[in-house]
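Listed below are the residues making up each chain.
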Amino acid sequence: MSLDSIRKLLGNAFGGIHQESDADPARQVQLATAAILLEIAYADDSFSNEEQKGLLTFLEQRFGISGTDARELIESADEMRSNTIDHWNLTNLIRGTTTLDERIEIVKTMWRMVYSDGQLHQYENYLVRKLADLLGLEHHVMIAAKLAVQAESQG
C-alpha cells in the first residue's frame with residue numbers, strides 16, 4: 001500500500017475533520033501518534049494528570065514542538081478519536097514513516113502512561129500488546145520496552 005493511499009485512509013478514518021492538516025505528512029504522523037497514545041490514556045476510562053503530562057512531554061520532545069502546539073495536537077487527536085479511530089490505519093502510517101527505535105519509544109510511552117496510576121488494567125495490557133504488534137514490534141521487543149519502563153519507575 002502506498003503512502004498516498006494510507007494518507008487517504010487516514011483522512012477517512014478521522015472523518016475528514018482535519019483536511020487542511022491532512023496535506024502535511026509530518027502533521028499526519030503527529031496526529032496518528034497522539035491519537036494512538038490517547039487510546040492508551042483512555043483505556044482505563046480516565047485521562048489522569050500524570051498521563052496528560054507524560055503525553056505532553058513525549059509529544060514536545062519527539063516532534064520538537066512547543067507545549068501549546070502539543071496541547072493543540074492532543075485536542076485535534078482527541079476530536080478525531082471521539083469520532084472514529086482505526087488502529088490499523090494509524091499504526092500503519094506510523095510504521096511506514098518512523099524508525100524501529102521511534103516505534104519502540106512510542107510503546108515505552110504507552111507503558112509509562114499505563115503505569116502512571118500504579119495499576120495495570122487488563123484492557124490496557126491488551127491494547128498496548130495489540131498496538132505494539134500493529135506497529136511491527138516483535139513480542140520480545142514489546143516486553144523489553146515494558147521491562148525498561150518498569151525499571152525506570154523503580155530506579
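Above this text sits the structure in question.
None of these values were measured; they are calculated from a predicted model.

### What about helix α7 (residues 100–115)?
Along its 16 residues, α7 runs 23 Å from first to last C-alpha, staying within 8% of the 22 Å computed at 1.5 Å per residue. Within α7 the residues assigned to the buried category are R103, I104, I106, V107, T109, M110, W111, M113 and V114. Elements that come into contact with the buried residues of α7 comprise α3 (25–41), α4 (49–63), α6 (87–97), α8 (122–134) and α9 (139–154).

### Some details on α9
An α-helix turns once per 3.6 residues; consequently, residues spaced three or four apart project the same way. An ideal rise of 1.5 Å per residue puts 22 Å on 16 residues; α9 measures up with 23 Å between its terminal C-alpha atoms. Three or more residues of α9 are buried, namely V141, M142, A145, K146 and V149. In an axial view of α9, the angular spread of the buried residues amounts to 145°, which keeps them on one side of the axis. Along α9, the residues that are exposed and aim more than 90 degrees away from the buried face are H140 and Q154.

### Concerning the packing of α3 against α6
Running from N to C, α3 and α6 point in directions that differ by 130°, and their axes come no closer than 9 Å. Classified by the angle between their axes, α3 and α6 sit oblique to one another. Our pair here, α3 against α6, has a crossing hand that is left-handed. Residue-level inspection shows Q28, V29, A32, T33, A35, I36 and E39 of α3 in contact with α6, the latter providing H87, L90, T91, L93, I94 and T97. For the contact of α3 with α6, the per-class residue count stands at seven nonpolar, five polar and one charged.

Parameters at a glance
Residues numbered from 1 in each chain as written. Predicted model: local features only at pLDDT ≥ 70, side-chain atom pairs only at ≥ 80, totals over all residues. Heavy atoms only, no water. Helix = DSSP H or I, 4+ residues; strand = E, 2+ residues; numbered from the N terminus. Expected span 1.5 Å × (residues − 1). Buried < 20%, exposed > 50% of the residue type's maximum accessible area, 1.4 Å probe, protein only. Contact = heavy atoms within 4.5 Å. Arc of directions from axis to C-beta. Axes fitted to C-alpha atoms, helices over the stretch in contact; angles between N-to-C directions. Parallel < 35°, antiparallel > 145°, perpendicular 65-115°, else oblique. Left-handed = near helix turned anticlockwise from the far one by under 90°. Nonpolar A, V, L, I, M, F, W, Y, C, P; charged D, E, K, R; others polar.

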